[in-house]
Structure formats: structure tokens, C-alpha cells
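Each chain, letter by letter, is given below.
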Amino acid sequence: METLGAPLLDTDANRAIFEEGLELLLKCFNEEAFHHKGKYFECPPPVPYRGYQLEEITVVPRPKHLPVEIWMPIASGKTIDLMAQKRPQGPWLR
């Protein structure tokens, strides 16, 4: 994480970066077009693009199956709760 500029030993800051990154990743996959502005990430970035400002962007190619499922190893109770919150919703989940 430190190589990418994240504070490895500051667990609270590391957790906040992880949660915002997960939120951005889910927007990328599950929304047709999106904009994200958080504490750590902004997408699309606020830079001129071909003479105008991009308001939203999309991921190409789009995922075949939506909503995208998330599979990850979990090492803390906080992450279990977070992943349960972020799971795809549908009649097949109880």
C-alpha cells in the first residue's frame, strides 16, 4: 500500500481508502455511466478533455453479468459487515 501512497501503518486511513476504492470499483462495473468524487479519488478527474470537462465516464467493455459479484478474502469483522452491505440485491439472496 505504501508504494501506491497509502499509509500502511495507519489502519483507520487505510480502511477509509479501501472503502472508497471499493465504492468506486462498484460504480465502474455496475453503473452505465458514473462520476465519483470522494476524499481520496475523483473519477473522471477535473482536467480539460478535448476542450470540455467530462461529467461522467463509463467502463468499456461492460461486464456481461450485472450486478458484478464481489469475492475477496476477509480478515476482519468490519470487512464481513461491509461486504454483506455491498452484496448484489435480488430475489435469489435471502
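## Quick word on the overall build of the protein chain
And step 1. What the protein chain contains, in helices and strands, is two helices and four strands.
And step 2. Put simply, the protein chain runs from its N terminus to its C terminus through helices and strands in the order α-β-β-β-β-α.
And step 3. Of all 94 residues assigned to the protein chain, the portion counted as buried reaches 21%.
And step 4. Long-range pairs, those at least 24 residues apart, make up 38% of the contacts in the protein chain with a sequence separation of at least 6.
And step 5. Split by element, the accessible area of the protein chain, about 7400 Å² in all, is 59% carbon and sulfur.

## A word on the confidence of the model for the protein chain
And step 1. Residues with a pLDDT of 70 or more make up 87% of the protein chain, whose mean pLDDT is 82.
And step 2. Note on residues 90-94: pLDDT under 50 across the span, and two contacts to partners over four residues away in sequence or across chains.

## What about helix H1 (residues 11-30)?
And step 1. Helix length check: H1, at 20 residues, gives a terminal C-alpha distance of 28 Å against a target of 28 Å (1.5 Å per residue), a fit within 8%.
And step 2. On the buried face of H1, the contacting elements are strand E1 (36-37), strand E2 (42-43) and helix H2 (77-86).

## Looking at the pattern of salt bridges
And step 1. All chains considered together, the criterion is met by three salt bridges.
And step 2. In this structure, Glu23 and Lys27 form a salt bridge, with 3.8 Å as the shortest nitrogen-oxygen distance. Here Glu23 pairs with Lys27, and both are found in helix H1, just four residues apart, close to one helical turn.
And step 3. With relative accessibility at 33%, the residue Glu23 sits in the partly exposed group.
And step 4. Classification of Lys27 by relative accessible area gives buried; the value is 17%.
And step 5. For Glu32, the salt bridge identified is with Arg62, shortest N-O distance 3.9 Å.

Rules and cut-offs
Numbering of residues starts from 1 in every chain and runs along the sequence as written. In keeping with the predicted nature of the model, local features appear solely for residues at pLDDT of at least 70, side-chain atom pairs appear and are counted solely at 80 or more, and the whole-chain, interface and lining totals rest on all residues. The side-chain quantities take in all heavy atoms of the structure and omit both hydrogens and water. A run of H or I in DSSP counts as a helix once it spans at least four residues, and a run of E counts as a strand once it spans at least two, with each numbered from the N terminus. Only protein chains enter the accessibility calculation, which uses a 1.4 Å probe; a residue whose area is less than 20% of its type maximum is buried, one above 50% is exposed, and one in between is partly exposed. In this description, contact between two residues means that some pair of their heavy atoms is separated by no more than 4.5 Å. Where accessible areas are quoted, they stem from the Shrake-Rupley method and a 1.4 Å probe; at the residue level, only the protein chains shown are allowed to cover. Per residue, pLDDT measures the predictor's confidence, with a range of 0 to 100. Multiplying 1.5 Å by the helix residue count minus one yields the expected span of that helix. Basic side-chain nitrogens of Lys or Arg form a salt bridge, by our definition, when they fall within 4 Å of a carboxyl oxygen of Asp or Glu.

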